[in-house]
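The chain contents come next:
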Amino acid sequence: MASSEIKVGAVTLGGAAILAGIITFMGAFSVGKHGYDLQIDYPQVSGLMTGNMVRYAGVKVGTVKQVNVAPDKVEVIAEIDDNIKIPQGAKFSIGSDGLMGEKFVDVQPPTKFDQGVINPGSTVQGRSGGGMDDFFNSADDLMDKLNRIATAVDNVLGDQEVQKSLREGVITSRDISNNLNIFSKVMADAAVDNQRDFAIMIGQIVELSKRMNNVVMHMESIMEGADKNGETGRNIAKIAEHLATTSESVENVVKVLETFATGHETEKALKDTLYHTKSASEKADRMLGIISDAKLHADVGRSVKRGPGKAWRGNLGVEFDPTPNNYIYTGVYDIGNTNKFDFIAGQRLGDGSVSLGAMQGEFGVGLSYDIGNVFRIYSQAYDFNDTKVRLGGEINVTDNVAVYGESMNLRGSRRDTYVGMRSRF
């Protein structure tokens, strides 16, 4: 009985040993043919461990075999299945399953597949993935910056002086808004109240324009009369013709006399006569040129002062230019009312000019300055026994028409401000 039991035990042990040998042999065969190694160098692995998966495009293709720490990197030895060929240019990073899931080597395919495959035993460079550690580190940095900003804001807004200034600023803004509303209402009411005045002003400006056109046409008819033997023009033409004839005759006479003159004194006298004759002829020509280039000035304006004192005002005058840099203006100020006389001589200095003469019947001086070809500012001081100051500006609408505004007698208690249109022809 005992012998049978020993035999059964021996057979069992023998079978177990044979089975163990077969299993060991098959296991060794399987390990030897399981896959090939790749070394992936990372700056840090975010908790990747031995046994974690290797995934290519989301599919498991191997496992992490070893994780070795080097002075300047972390070496990960990954075992890749034999039947998997990873193309050159693939990107190796570290991923995780969910926020707190297991780490794995994440292999992403390249954009181009014409560079061959990675050979077994090769070393490739990996990059750290944006795991939760990176997320929390970034969140910590963000919170730290927000805390610093909050502290700075609290230091500023917590100051009593700053709080007082902010309150005063809000109150001031409210007052400004209220004042603007009041100002807008006043302007709207003024516009409604003065609609009729503006209509009258526009009508009178139109009427003035017509009258100015008539004056210009009259001036043109005078000049045409000079060219076409009109009554007035014929006189001017005769004067010019006589001057030219006289000059020519005198020159001829002097030339004849020069032929017969033998004395030195006679020769000198004849030459002086010829010189003065030429000078007189040239001066006559220049005077006719100045008259033909004269500019007619006319403007109409209305006082913006409300009340019974408001009135229209019209001015008319002529400007002559004896030289390119000098001018003379003569005319009548406030026609039909005060009828004050203007006679002003001025000199142009680049974009500015200075002037002096009779201004509204009193001696005065003036300055003006042109800003480009559009805007001009001007000022006059006159009547120095009771000094008055006039300040204004005008904007050119066309080459001959401008809109102006000016204040009269800035130093006095009565400051009339006029707006209107000014023309030069």
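Everything numeric here is computed off the predicted structure, so don't read it as measured data.

About the cut-offs
Residues numbered from 1 in each chain as written. Predicted model: local features only at pLDDT ≥ 70, side-chain atom pairs only at ≥ 80, totals over all residues. Heavy atoms only, no water. Helix = DSSP H or I, 4+ residues; strand = E, 2+ residues; numbered from the N terminus. Buried < 20%, exposed > 50% of the residue type's maximum accessible area, 1.4 Å probe, protein only. Areas by Shrake-Rupley, 256 points an atom, 1.4 Å probe, with all protein chains shown as cover. Core = buried A, V, L, I, M, F, W, Y, C linked by side-chain atoms within 4.5 Å. Contact = heavy atoms within 4.5 Å. pLDDT = per-residue confidence, 0-100. Phe/Tyr/Trp six-rings, centres within 6.5 Å; stacked < 30°, edge-to-face > 60°. Lys NZ or Arg CZ within 6 Å of the ring centre and 35° of its normal. Pairing = 2+ DSSP bridges. Axes fitted to C-alpha atoms, helices over the stretch in contact; angles between N-to-C directions. Lys, Arg positive; Asp, Glu negative; His and termini not counted. Salt bridge = Lys/Arg side-chain N within 4 Å of Asp/Glu carboxyl O. Polar contact = N/O pair within 3.5 Å; in protein donor to acceptor, adjacent residues only side chain to side chain.

(A) Region of the structure containing the overall build of the protein. Scanning the protein from terminus to terminus reveals six helices and 17 strands. Within the protein, the fraction of its 425 residues that count as buried is 26%. When the accessible surface of the protein is totalled, it reaches about 28100 Å², and 60% of it is carbon and sulfur.

(B) Spotlight on the nonpolar core. Ranked by internal contacts, the top residues of the largest apolar core, which has 22 residues, are Ile-86, Phe-92 and Val-105. Residue assignment for this core shows that the elements contributing at least two residues are β1 (35-42), β2 (53-56), β3 (59-70), β4 (73-81), β5 (91-96) and β6 (103-108). Setting aside anything within four residues of it in sequence, one finds Ile-86 in contact with Tyr-36, Leu-38, Tyr-56, Ile-80, Phe-92, Val-107, Val-117 and Ile-118. Counting residues in hydrophobic clusters, the runner-up holds seven residues, among them Tyr-333, Met-359, Met-408 and Tyr-418.

(C) Quick look at the confidence of the model for the protein. Of all residues in the protein, 60% have pLDDT values of 70 or greater, and the mean over the chain is 76. Taking the mean pLDDT of every element in the protein, the minimum, 57, falls on helix α5 (residues 231-260) and the maximum, 95, on β2. Scored below 50 in pLDDT, residues 27-32 makes zero contacts in the model with residues more than four places away or belonging to other chains.

(D) Focus on the packing of aromatic side chains. According to the stated counting rule, one finds two aromatic pairs in the structure shown. A centroid spacing of 6.5 Å and a plane angle of 10° characterise the contact between Phe-341 and Phe-343, whose relative ring orientation is stacked. Seen from their ring centres, Phe-363 and Phe-384 are 6.3 Å apart, and the 55° between their planes marks the pair as tilted. One end of the pair, Phe-363, is in strand β13 (residues 362-371); the other, Phe-384, is in the loop between β14 (375-382) and β15 (388-396), with 21 residues separating them in the sequence. Note on Phe-384: relative accessible area 45%, which makes it partly exposed. Note that Arg-55 overlies the ring of Phe-104, its terminal NZ or CZ placed 4.3 Å from the centroid. Here Arg-422 stacks its cationic end above the ring of Tyr-404, 4.1 Å away from the centre of that ring.

(E) Spotlight on the environment of Glu-79. Its location among the elements puts Glu-79 in strand β4. The exposure class of Glu-79 is buried, given its relative accessible area of 16%. Considered as a pair, Glu-79 and Gly-62 are 17 residues apart in the sequence and their alpha carbons are 5.4 Å apart. Contacts of Glu-79, omitting those with residues within four sequence positions, involve His-34, Gly-35, Tyr-36, Asp-37, Val-61, Gly-62, Thr-63 and Lys-65.

(F) Fine view of the pairing of β15. Across eight bridges, β14 lies against β15 in antiparallel orientation. By the bridge assignment for β15, Ile-377 is matched with Gly-393. Between β15 and strand β16 (residues 401-407), which pair antiparallel one after the other, the connecting turn spans four residues.

(G) A look at unusual backbone geometry. Positive phi outside glycine occurs at Asn-339, with the angle close to 50°. Here Asn-339 is to be found in the loop between β10 (326-333) and β11 (340-349).

(H) Region of the structure containing the sheet that holds β3. Here seven strands make up an open sheet; going across it, the order is β5-β6-β2-β3-β4-β1-β7 and the pairing mixed. Taken across any chain shown, the strands that pair with only one partner, and hence form the sheet edges, are β5 and β7 (123-125). Pairwise comparison of adjacent strand axes, ignoring direction, gives a mean angle of 35° for this sheet. The pairing of β2 with β3 spans four bridges and is antiparallel. Of the residues in β3, the one forming a bridge with Arg-55 is Lys-60.

(I) Structural detail: the sheet that holds β14. One closed barrel holds the ten strands; their spatial order is β8-β9-β10-β11-β12-β13-β14-β15-β16-β17, and the pairing between them is antiparallel. Averaged over all pairs of adjacent strands, the angle between their axes in this sheet comes to 20°, without regard to strand direction. In terms of strand pairing, strand β9 (residues 312-323) meets β10 through six bridges, oriented antiparallel. Residue pairing across strands places Val-318 opposite Thr-330, the latter belonging to β10.

(J) Fine view of the pairing of β4. Note: β1 against β4, eight bridges, orientation antiparallel. In the strand pairing of β4, Tyr-36 is matched with Ile-80. Relative to β4, β3 runs antiparallel, the two being bridged by eight bridges. The partner of Ala-70 across the bridge, within β4, is Lys-73. Linking β3 back to β4 in an antiparallel pair, the connection comprises two residues.

(K) Structural detail: the side chain of Asp-342. The residue Asp-342 is located in strand β11 in this model. No salt bridge is formed by the buried Asp-342. Its closest oppositely charged neighbour is Arg-390, at 5.5 Å.

(L) Focus on the side chain of Gln-360. Its place among the elements puts Gln-360 in the loop between β12 (352-359) and β13. Owing to a relative accessible area of 8%, Gln-360 belongs among the buried residues under this scheme. One polar contact links Gln-360 to Tyr-382, side chain to side chain, over a distance of 3.2 Å. Filtering out sequence-adjacent residues up to four positions away, Gln-360 remains in contact with Tyr-333, Lys-340, Phe-341, Asp-342, Tyr-382, Arg-390 and Met-408.

(M) The environment of Phe-384, seen in detail. Measuring from C-alpha to C-alpha, the distance between Phe-384 and Glu-362 comes to 8.3 Å, with 22 residues separating the pair along the chain. Residue contacts for Phe-384: discarding those within four places in its chain leaves Phe-363, Gly-364 and Val-365.

(N) Summary view of the environment of Asp-41. Within the secondary structure, Asp-41 is located in strand β1. On the basis of relative accessible area, Asp-41 is assigned to the buried category, the value being 5%. It is 5.7 Å that separates the C-alpha atoms of Asp-41 and Val-74, two residues lying 33 residues apart in sequence. Once you skip the residues sitting within four places of it in the chain, Asp-41 turns out to touch Lys-73, Val-74, Glu-75, Thr-123, Val-124, Gln-125 and Gly-126. A polar side-chain atom of Asp-41 sits 3.3 Å from a polar atom in the side chain of Lys-73.

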